[in-house]
Amino acid sequence: MSIDDGDLACQALERICVDGICHCDWRITVYNCEESVAMVNANLGNIVISGFAAVFGIVLLIYRIWVKGHSLWICHVGARFFLRPKPVDSMLAFFAIFNTLQTVSSIVLVADIAPGDCVARTLLFEVPWSMVFSGISMYLIGMGYTISQSTFASGWLPSSDVLDILCCLCLLVPLIVSNSMALAGSLTVRHGNYRTGIIVIRVNHGAWFIWTSVLGLLVLLALIRLVDILKNHRKDFQDGQNDDTTIESGIKRIQIIAWAFITTLWLFGISLLSFSILRDQIIVNKTGSVFLGVVWTYIASFATIIAQVAVILSPKFNQNLALELHRTASDERNINDVN
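Predicted model, so just to flag it, every value in this text is computed and none were measured.

Our focus in this paragraph is the packing of aromatic side chains. Taken as a whole and judged by the stated rule, the model has 14 aromatic pairs. Connected via pairs of aromatic rings, a cluster forms that spans Trp-26, Phe-98, Phe-125, Trp-129, Phe-133, Trp-208, Phe-268, Phe-275 and Trp-296. Across the ring face of Phe-125, the terminal group of Arg-27 is positioned such that the distance to the ring centre comes to 5.7 Å.

Structure representation (structure tokens):
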């Protein structure tokens, strides 16, 4: 296919027409296609769900920061200057941004704002996902900090420097690399080079698959090790004023959050790989396209709501003996409870 005009190239990116029947790439548009009714309704539902999750998350974050005295990051760690995010609060902040942007994205699609601007709409779809993955990464980092300082951990333990580097990579890779590729692909299409633009978009989706697969695997490995630590702690739990129900409930909450994240990452990753390889075939298949569109629309929002509820239900750090850490006065300020 050779399309030289930018407007025509964007139209080709937005819809694939076969024998006069058009099918939408619902990331960019939801009108004038076979999937219009289903995807408009899906986005209307998303406005409600993501809008609720955004307000819920912002209120929860305000309560934790201004009422409970939490912070999003630590400016000084030992003798170094380093902006180390506080895992749980940073996670909530990224989730609030994600749900806000998701709501805006659905409003733009339903209201058909700036039709034909494939660059802006592509970015409006891609950027929120980098936010939710950064939020999940923050929870992973929190698990890593907890494991590294537990008195019940054995074998190799990640150092603070390793975790700091991993934290930077988890924040910068999806935010800069993926969004840059999405921008490059959509701009290439906008300038009339449809074939090259589609290749860049497909490569970007393939890269997302690799990233989400690796991130999901890291969360799973951290979950297995952290649960093992907590179970070992439960065996040695001898405080007469407490029973092991606190630890058991803590384990269940960690498992619920982690599995919600793992499911989101792997399901999204598999969908991305499929879309990268079979984009045209999926789009022209109405049932498959709508199914994939609905999954992409809702899965991350539900995962963030699960995490938000779990944070509310979690006990205070100093009251939860599920985590027995090596703690100095500095550690008490720097380590965030993942439960």
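Now for unusual backbone geometry. Positioned with a positive phi, Asp-19 is a non-glycine residue whose angle comes to about 55°. As for its placement among the helices and strands, Asp-19 is situated in the loop between β1 (15-18) and β2 (21-24).

Attention shifts here to the packing of helix α2 (residues 36-67) against helix α8 (residues 286-313). One way to put it is that α2 packs onto α8 with a least axis distance of 10 Å and a crossing angle of 20°. One element, α2, and the other, α8, form an angle in the roughly parallel class. Remark: the crossing between α2 and α8 carries left-handed chirality.

Sheet analysis places β1 next to β2, joined by 4 bridges and oriented antiparallel. By the bridge assignment, Ile-16 is partnered in β2 with His-23. Connecting the antiparallel pair β1 and β2 is a turn made up of 2 residues, with Asp-19 showing a positive phi of about 55°.

Conventions and cut-offs
Residues numbered from 1 in each chain as written. Predicted model: local features only at pLDDT ≥ 70, side-chain atom pairs only at ≥ 80, totals over all residues. Heavy atoms only, no water. Phe/Tyr/Trp six-rings, centres within 6.5 Å; stacked < 30°, edge-to-face > 60°. Lys NZ or Arg CZ within 6 Å of the ring centre and 35° of its normal. Helix = DSSP H or I, 4+ residues; strand = E, 2+ residues; numbered from the N terminus. Axes fitted to C-alpha atoms, helices over the stretch in contact; angles between N-to-C directions. Parallel < 35°, antiparallel > 145°, perpendicular 65-115°, else oblique. Left-handed = near helix turned anticlockwise from the far one by under 90°. Pairing = 2+ DSSP bridges.

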